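# Working through the structure, step by step
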Amino acid sequence: MLFRSFYFVTNNTSKLPEDYRLRLNAMGISVDNDHVITPLAPLIAYLQARSIRNAYLLGNVRFEAYLRQALPELQLTADPDACEALIVAYDTELTYDKLRDAAILLQQNSRLLFLATHGDLVCPTERGFVPDCGCILSVLEKTTGRRPTAVFGKPSARSPQRIAEQHIQNGADIIDIGI
């Protein structure tokens with residue numbers, strides 16, 4: 001009997017692969033964390049490949065904890081002289097102060113990598129659409145004139161390329177969970 005492998009894909013970085021695994025398992029779909037694809041893995045690989053040690057995050061506390069666990073050497077800073085990367089995610093805890101600090105960093109450090117987990121403008125919720133990472137990016141782009149150096153989620157070439165190379169060649173099916 002031939003078994004197909006399924007991978008579940010989402011751009012939402014306000015939740016972690018573990019959250020999706022638990023939610024899918026609760027719906028009767030047995031899946032492990034390795035079968036949940038988010039922009040987090042390619043982001044982490046990008047940061048590791050460039051030995052990024054100092055960054056500023058626009059992301060919620062769970063996103064921050066996940067990055068700190070994956071990259072224990074990562075230091076969070078708003079110091080324009082020390083900061084190497086601004087990382088923008090779907091920040092469900094966004095404040096004006098965080099947005100202001102990000103804009104200032106982009107203006108004061110021309111070498112700063114401007115990274116985004118994804119570019120979705122809206123996120124669907126039970127009550128309707130809400131602003132997503134793309135809206136945050138838009139504000140920063142309009143304020144500073146800078147565009148992201150790299151975007152990791154779908155439909156970015158970085159995410160589908162990773163999925164195609166690692167999974168589709170092995171006969172896997174990809175399901176966009178959008179949750």
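Everything below is about the structure shown above.
Reference entry: report on the structure contained in this document. Predicted model only: the values in this text are computed from it and were never measured. (Residues numbered from 1 in each chain as written. Predicted model: local features only at pLDDT ≥ 70, side-chain atom pairs only at ≥ 80, totals over all residues. Heavy atoms only, no water.)

### Observations regarding the packing of aromatic side chains
Within this structure, the stated rule accounts for 1 aromatic pair. On the numbers, 5.2 Å between centres and 70° between planes, the contact of Y46 with F152 is edge-to-face. In this pair, Y46 is assigned in helix α2 (residues 40-49) and F152 in the loop between β9 (150-151) and α6 (158-166), connecting sequence segments 106 residues apart. If you follow R50 out to its NZ or CZ, it ends over the ring of Y46, 3.6 Å from the centre. (Phe/Tyr/Trp six-rings, centres within 6.5 Å; stacked < 30°, edge-to-face > 60°. Helix = DSSP H or I, 4+ residues; strand = E, 2+ residues; numbered from the N terminus. Lys NZ or Arg CZ within 6 Å of the ring centre and 35° of its normal.)

### Some thoughts on the pairing of strand β5 (residues 85-88)
Judged by which residues are buried, β5 turns out to be covered on both faces: A85 and I87 on one side and L86 and V88 on the other are all buried. Sheet analysis places strand β3 (residues 54-58) next to β5, joined by 4 bridges and oriented parallel. Within β5, the residue paired with Y56 across the bridge is L86. Alignment of β5 against strand β6 (residues 113-116), held across 4 bridges, turns out to be parallel. Residue pairing across strands places A85 opposite L113, the latter belonging to β6. (Buried < 20%, exposed > 50% of the residue type's maximum accessible area, 1.4 Å probe, protein only. Pairing = 2+ DSSP bridges.)

### Focus: the side chain of T117
By the secondary structure assignment, T117 is in the loop between β6 and β7 (122-125). A polar contact of 3.4 Å, which involves the side chain of T117, links it to the side chain of T13. (Polar contact = N/O pair within 3.5 Å; in protein donor to acceptor, adjacent residues only side chain to side chain.)

### What to know about the pattern of salt bridges
What the rule picks out here adds up to 8 salt bridges. Between R53 and E73 there is a salt bridge; the shortest N-O distance is 3.4 Å. Placement of the pair is R53 in the loop between α2 and β3 and E73 in the loop between α3 (61-70) and β4 (75-76), with a sequence separation of 20 residues. Under the relative-accessibility criterion, R53 is labelled partly exposed at 36%. The class for E73 is partly exposed, based on a relative accessible area of 32%. Across the pair R100 and D101 runs a salt bridge, and its minimum N-O distance is 3.1 Å. One salt-bridge network, in which partners are shared between bridges, spans D97, R100 and D101. (Salt bridge = Lys/Arg side-chain N within 4 Å of Asp/Glu carboxyl O.)

Honestly, it's all geometry; don't read function into it.
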